[in-house]
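As a plain string of letters, each chain reads:
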Amino acid sequence: MEEKKLAKEKRDLLLLNRKNGYDLLKEGEEEIILSYSEGYKKFLDEGKTERSCAAYTIALAEAHGFRPLVRGEKLQPGDKRYRVNRGKGVTLAILGRKPLSEGARICAAHIDSPRLDLKQVPLYEERELAYLKTHYYGGVRKYQWVSIPLELHGVVVLKDGSSRTVVIGDQPGDPVFTVTDLLPHLAGEQNKKPLGEAIAAEQLNLLIGSRPYPNDEGSDRVKLAILNLLYEKYGMIEEDFLSAELMAVPAGRATDVGLDRSMLGAYGQDDRVCSYAALLALLNLETPEHTAVCMLADKEEVGSMGVTGMKSAAFDAFISDLCDTQGLRLKECYERSFCLSADVTAAFDPNYPEVFEKHNSAYLNYGICLSKYTGSRGKSGASDASAELVGLVRKLLNDHSIVWQTAELGKTDQGGGGTVAAYMADRNIDTLDAGVPVLSMHSPFEVVSKLDCYMTYRAIQEVYRS
Ligand code: MN
Ligand code: MN
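This write-up is about the structure you can find in this document.

So, about the sheet that holds strand 12 (residues 263-266). Taken together, the 3 strands give an open sheet; going across it, the order is 11-12-22, and neighbouring strands pair in antiparallel fashion. Edge strands, defined here as strands with exactly one partner in the open sheet, are strand 11 (255-257) and strand 22 (446-449). Neighbour to neighbour, the strand axes of the sheet diverge by 35° on average, direction disregarded. Where strand 11 lies against strand 12, 3 bridges are found, and the strand directions are antiparallel. The partner of Val257 across the bridge, within strand 12, is Met263.

Core analysis: the biggest nonpolar cluster contains 64 residues, and Leu92, Leu282, Leu432, Ile460 and Tyr464 have the highest contact counts within it. Sorting elements by how many residues they give to this core places helix 7 (residues 269-283) first, with 10 residues. Excluding residues within four positions of it along the chain, Leu92 makes contact with Thr57, Ala61, Phe66, Arg81, Tyr82, Leu279, Leu282, Ala292, Val293, Cys294 and Phe318. With 32 residues, the next largest nonpolar core counts Val156, Leu230, Ala248 and Val249 among its residues.

The next subject is helix 8 (residues 314-324). Restricting attention to buried positions, one finds in helix 8 the residues Phe315, Asp316, Phe318, Ile319, Asp321, Leu322 and Cys323. If you follow the buried residues of helix 8, they end up packed against strand 2 (80-85), strand 3 (89-94), strand 4 (104-110), strand 13 (291-297), helix 9 (330-334) and helix 11 (421-425).

Here we come to the side chain of Gln144. Of note, Gln144 is situated in the loop between strand 6 (129-137) and strand 7 (150-157). When sequence neighbours within four positions are dropped, the list of residues in contact with Gln144 reads His442, Ser443 and Pro444.

Tallying each qualifying case throughout the model produces 13 aromatic pairs. Arranged with centres 5.1 Å apart and planes meeting at 45°, the rings of Phe43 and Tyr276 form a pair that is tilted. Of this pair, Phe43 sits in helix 2 (residues 29-46) while Tyr276 is found in helix 7, placing the two residues 233 residues apart along the sequence. Tyr276 gets classed as buried once you look at its relative accessible area, which sits at 6%. Seen from their ring centres, Phe315 and Tyr334 are 6.3 Å apart, and the 5° between their planes marks the pair as stacked. Here Phe315 is found in helix 8, whereas its partner Tyr334 is found in helix 9, with 19 residues between them in sequence. Accessibility expressed as a relative area gives 6% for Tyr334, which makes it buried. A connected cluster of aromatic rings, assembled from ring pairs, spans Tyr36, Tyr40, Phe43, Tyr56, Tyr276, Tyr454 and Tyr457.

Let us now look at the coordination of the manganese ion (ligand 1). Distances from the manganese ion (ligand 1) to its protein donors, His110 (NE2), Asp270 (OD), Asp343 (OD) and Asp343 (OD), fall at 2.1 to 2.3 Å. Counting residues between consecutive donors of the manganese ion (ligand 1) along the chain gives the motif H-x159-D-x72-D. In this structure, the manganese ion (ligand 1) lies 3.3 Å away from the manganese ion (ligand 2), the two metals sharing Asp270 as a donor. Taken together, the residues span a long stretch of sequence, with His110 in strand 4 and Asp270 in helix 7 at a distance of 160 residues. Per residue, the accessibility class of His110 equals that of Asp270, and both read buried.

Distances from the manganese ion (ligand 2) to its protein donors, Asp270 (OD), Glu301 (OE), Glu301 (OE) and His442 (NE2), fall within 2.1 to 2.5 Å. In terms of primary sequence, the donors binding the manganese ion (ligand 2) are separated according to D-x30-E-x140-H.

Following the criterion strictly, the structure yields 30 salt bridges and no others. Of the charged contacts, one joins Glu38 and Lys41 as a salt bridge, the two residues approaching to 3.0 Å between their closest N and O atoms. You can see Glu38 and its partner Lys41 sitting in helix 2, 3 residues apart, about one turn around the helix. Between Arg115 and Glu50 there is a salt bridge, with the nearest N and O atoms lying 2.8 Å from each other. Residue Arg115 is found in strand 5 (residues 115-126), and its partner Glu50 is found in helix 3 (residues 50-63); the two are separated by 65 residues along the sequence. One connected set of salt bridges, linked through shared partners, spans Glu38, Lys41, Asp256, Arg261 and Lys450.

Turning our attention to the sheet that holds strand 20 (residues 430-435). Each strand in a sheet pairs with another by means of backbone hydrogen bonds, the pair being arranged parallel or else antiparallel. A sheet is described by the order of its strands in space; here 9 strands give the open sequence 1-2-3-13-4-14-20-16-18, paired in mixed fashion. Since the sheet does not close on itself, it has two edges, and those belong to strand 1 (67-68) and strand 18 (404-406), each with one partner. Bridge count for strand 3 against strand 13 is 5 bridges, and the pairing is antiparallel. Across the sheet, the residue bridging to Val90 is Leu296, located in strand 13. Contacting strand 1, strand 2, strand 3 and strand 13, helix 3 runs over the sheet at an angle of about 20° to strand 3. Helix 10 (residues 387-399) contacts strand 14 (338-342), strand 16 (368-371), strand 18 and strand 20 of the sheet and is inclined by roughly 50° relative to strand 20.

Turning our eyes to something else, we now look at the pairing of strand 5. As judged from the 8 bridges shared by strand 5 and strand 6, these two strands associate in the antiparallel manner. Bridge pairing in strand 6 places Tyr124 opposite Tyr131. Hairpin connection of strand 5 to strand 6: 2 residues between the antiparallel strands, including Arg127 at a positive phi of 50°. Sheet topology places strand 5 next to strand 10 (residues 244-250); 2 bridges connect them, and they run antiparallel. In the strand pairing of strand 10, Leu116 is matched with Ala248.

The next thing to look at is helix 1 (residues 2-14). Given a rise of 1.5 Å per residue, 13 residues ought to cover 18 Å, and the 18 Å separating the end C-alpha atoms of helix 1 matches this to within 8%. In terms of residue burial, helix 1 counts as a barely covered element, since only 0 of its 13 residues are buried.

Of all the 6 residues making up strand 3, 6 are buried; the element is thus mostly covered by neighbouring parts of the structure. The pairing of strand 2 with strand 3 spans 6 bridges and is classified as antiparallel. Along strand 3, the bridge assignment pairs Arg81 with Ala93. Turn length for the strand 2-strand 3 hairpin, with the two strands adjacent in sequence and antiparallel, is 3 residues, and the turn residue Arg86 shows positive phi of about 55°.

Cut-offs used in this document
- Residues numbered from 1 in each chain as written.
- Chains lettered and ligands numbered in written order.
- Predicted model: local features only at pLDDT ≥ 70, side-chain atom pairs only at ≥ 80, totals over all residues.
- Heavy atoms only, no water.
- Pairing = 2+ DSSP bridges.
- Helix = DSSP H or I, 4+ residues; strand = E, 2+ residues; numbered from the N terminus.
- Axes fitted to C-alpha atoms, helices over the stretch in contact; angles between N-to-C directions.
- Core = buried A, V, L, I, M, F, W, Y, C linked by side-chain atoms within 4.5 Å.
- Buried < 20%, exposed > 50% of the residue type's maximum accessible area, 1.4 Å probe, protein only.
- Contact = heavy atoms within 4.5 Å.
- Phe/Tyr/Trp six-rings, centres within 6.5 Å; stacked < 30°, edge-to-face > 60°.
- Donors = N, O, S within 2.8 Å, 3.2 Å for Na, K, Ca; no water.
- Salt bridge = Lys/Arg side-chain N within 4 Å of Asp/Glu carboxyl O.
- Expected span 1.5 Å × (residues − 1).

These figures come from the coordinates and say nothing about function on their own.
Here you go:
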């Protein structure tokens with residue numbers, strides 16, 4: 001008997017023992033998970049583009065006492081400040097008790113998602129139907145974007161320099177738009193093409209109208225009628241498309257998935273799932289030891305470049321402005337900072353086991369997933385966190401009973417990916433990738449586990465507090 005007990009103890013000690021998060025929850029935690037996901041659903045519905053997500057983020061932050069950072073102002077521990085980057089990204093901070101020379105605790109996520117952007121000259125008419133040409137943004141599997149309802153979001157800057165916000169399709173009763181697909185009866189040839197080639201990028205044209213302009217003898221009467229509607233609603237003319245950023249995103253609201261409602265389905269969870277966790281953890285944070293920073297970036301899906309991407313000096317300017325208030329240099333702060341690069345990873349999909357390596361996959365309901373390194377094909381392009389850094393985070397998560405796992409994105413040489421981690425590490429900031437496992441990533445309807453969302457929130461909360 002005694003020997004059996006000892007053997008079991010040895011087994012528990014020596015073997016890596018992963019458990020389903022539901023077997024590790026504490027009393028009352030399941031209710032908290034459900035209420036957390038209600039707030040998250042609202043965040044998704046309010047922010048289907050980086051602009052609307054940034055606007056909703058600011059509204060939440062202001063309601064929690066955050067104010068725009070004024071360059072040169074004096075700051076105290078506990079002060080809450082933010083800065084918007086051109087309406088598309090937000091950096092928020094709560095000043096810590098310790099000076100910034102002791103480093104900051106940063107959580108970086110992104111609020112842009114794959115979608116169909118309109119081209120600059122989008123509107124045309126063909127056989128008396130009006131369409132908008134699109135250029136897809138980010139890693140889109142084109143066949144997934146046909147024959148589904150789409151909304152139109154964005155801004156148009158008119159000839160006189162004034163700007164109009166466009167949102168069509170997200171309210172009950174609004175019209176929606178769609179990209180048509182072939183009927184099976186005529187899809188014989190299309191069916192023979194590889195999936196990635198069946199729908200061409202130049203076929204992703206948004207159907208926008210069919211009624212001709214009345215009492216007009218000219219050509220393109222349907223296009224003319226659409227322009228007239230846009231003129232009446234937004235005061236815009238065709239040339240105004242040239243100074244517009246309009247995008248089609250999947251219509252519909254975030255919703256529970258499964259009879260047990262354990263999962264959540266929506267467009268744009270990559271990476272608003274981590275963005276919400278990083279934001280809410282900051283909003284709920286009491287004055288921390290180290291200054292806590294939440295960075296919500298744009299342009300991750302296309303390489304983090306540009307003035308609103310994670311490579312932009314906008315982030316450095318914000319932290320540097322904080323350092324200035326304490327008479328410190330930015331590099332002193334960076335070299336002692338820690339960044340959790342919070343982005344989604346691929347969840348093991350039992351429908352497609354062949355692309356995963358089961359020992360190093362992320363599983364739904366197994367908690368926040370740490371990825372020591374990303375990249376592809378021999379860790380190319382990877383940000384590889386040190387053993388010491390992973391060790392620190394591992395201890396932090398264990399000490400606070402947070403459900404977590406580790407994974408790589410798919411089998412070696414199957415593919416791979418990366419996120420903003422590398423650009424944080426480039427700044428001389430110790431950085432570790434972590435985030436929520438997602439099914440159907442980059443599709444119009446991504447699925448996550450509510451438990452994993454909440455564990456990611458808790459993990460980020462403890463990073464801010466550390
Ligand atoms: Mn992402
Ligand atoms: Mn992505």
